[in-house]
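Examining the three-dimensional arrangement
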Amino acid sequence: MNQLINITQNENNDQVLSGRELHEFLEVKDKYPQWILRMTEYGFVEGEDFITILGKSSGGRPSQDHALKLDMAKEISMIQRTPKGKEARQYFIQVEKEYKQQQQAPLTLDQQIAAIATGYGSVKEELVEVKDRVSDLEENAPLSAGEYNYIGSRINQRVAQVARGYGKITREQRGKLFKDINQGVKVVTGVSTRTQLRAKHFDTVVDFTNNWEPSTATKMQLRQMSFDFEE
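To start, this report covers the structure provided alongside it. (Residues numbered from 1 in each chain as written. Predicted model: local features only at pLDDT ≥ 70, side-chain atom pairs only at ≥ 80, totals over all residues. Heavy atoms only, no water.)

**Some points on helix α9 (residues 202-211)**
For clarity, the cut-off: Accessible area is worked out with a 1.4 Å probe on protein chains only. A residue is then buried under 20% of its type maximum, exposed over 50%, and partly exposed in between. To qualify as a helix, a DSSP run of H or I must reach at least 4 residues; to qualify as a strand, a run of E must reach at least 2; elements of each kind are numbered from the N terminus. It is the directions from the helix axis to the C-beta atoms that the arc portrays. Should any heavy atoms of two residues lie within 4.5 Å, those residues are considered in contact.
Within α9, the full set of buried residues consists of Phe202, Val205, Val206 and Thr209. Along the axis of α9, the buried positions cluster into a sector of 100°, meaning they face one direction only. Buried residues along α9 sit in contact with α3 (70-79), α4 (83-102), α7 (145-164) and α8 (171-189).

Quick look at the structure:
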């Protein structure tokens, strides 16, 4: 895997990265100090999610950087709502996945001897099966609070964008739009309620929401409701 952003481990074995490097990769137009201050207002706690690093001063105010934990970097990337943000988030997910796989405890000497005695092939197959189960558990993990709230926010924003195309609409008409987009989310993910969404559904739901348009049936209902309202 190509290294997009340098990720290291701190003294607590947490994976961390430079806030400035992330800022540069995301191609954010705002200056770093203003941008990172705005990002920390999304509920991140200094000392838990990130730490501030002061650079050497040359007479003025010392420059600042921040060591961000991987979970914080993933959520920051997500809320950028840009292709670079999506690329960074997917990269962090892959890095985290590979790190967890590396943490699998190696075989002890006795286990290695047993593997040789009984046939290495069967042990290798078991290890592959374990890795597959771990991967399946990761993909079926519930959405984080930040991811769940982000999906809700994007659905609200997309409905508002589409609603503006109909001019002044009633609460009932807006409800038709929400029913349509939520039904679409269920279809593309195969879940019956939004609370059943999992980590593996996140990118699919975001892509669907960004490109959603009401169905022909819903559009006809909206036009008929507008006609009845005018009468």
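Having seen the structure, we can now continue with the description.
**What to know about α4**
How we decide: Helix span, as expected, comes to 1.5 Å for every residue beyond the first.
With 20 residues, α4 should cover 28 Å at 1.5 Å per step; its first-to-last C-alpha distance of 29 Å lies within 8% of that length. Within α4, the full set of buried residues consists of Gly85, Ala88, Arg89, Tyr91, Phe92, Val95, Glu96 and Tyr99. Along the axis of α4, the buried residues cluster in a sector spanning 160°; they form a single face. The inward-facing, buried residues of α4 abut β1 (7-9), β2 (15-18), α1 (19-26), α3, α7 and α9.

**Some points on the nonpolar core**
Rule in force here: Residue types Ala, Val, Leu, Ile, Met, Phe, Trp, Tyr and Cys, when buried and joined through side-chain atoms within 4.5 Å, form a set referred to as a nonpolar core.
Judged by nonpolar contacts, the single largest core of 22 residues is most densely connected at Leu17, Leu22, Trp35, Ile76 and Phe92. Elements supplying a minimum of two residues to this core: α1, α2 (32-40), α3 and α4. Setting aside anything within four residues of it in sequence, one finds Leu17 in contact with Ile5, Asn6, Ile7, Leu22, His66, Ala67, Leu68, Leu70, Ala73 and Phe92. Core analysis: the second largest hydrophobic core is formed by 19 residues, Leu143, Ile151, Val162 and Ile181 among them.

**Quick look at the pairing of β2**
As a reminder of what qualifies: Here a strand pair is declared whenever DSSP counts at least two bridges between the two strands.
The alternating pattern of β2 places Gln15 and Leu17 on one face and Val16 and Ser18 on the opposite face, and all of these are buried. The pairing of β1 with β2 spans three bridges and is antiparallel. If you follow Thr8 over to β2, its bridge partner there is Val16. Relative to strand β4 (residues 64-69), β2 runs antiparallel, the two being bridged by three bridges. Among the inter-strand pairings, Leu17 is bridged to a residue of β4, identified as Leu68.

**Things to note about the pattern of salt bridges**
How we decide: The working definition used for a salt bridge is a side-chain nitrogen of Lys or Arg within 4 Å of a carboxyl oxygen of Asp or Glu.
Evaluated as defined, the whole model comprises nine salt bridges. Between Arg89 and Glu147 there is a salt bridge; the shortest N-O distance is 2.3 Å. Of this pair, Arg89 sits in helix α4 while Glu147 sits in helix α7, placing them 58 residues apart in sequence. Each member of the pair, Arg89 together with Glu147, is buried. Among the ionic contacts, a cluster of salt bridges with common partners joins Asp71, Lys74 and Glu96.

**Thoughts on the side chain of Thr40**
To keep things clear, this is the line we draw: N or O atoms closer than or at 3.5 Å make up a polar contact, with two conditions inside protein: a donor-capable atom paired with an acceptor-capable one, and, for residues adjacent in sequence, both atoms drawn from side chains.
Tracing the backbone through its elements, the reader meets Thr40 in helix α2. Looking at Thr40, its side chain comes within polar contact range of the main-chain oxygen of Leu37, at 2.7 Å. Not counting chain neighbours up to four residues away, the residues in contact with Thr40 comprise Phe50 and Met72.

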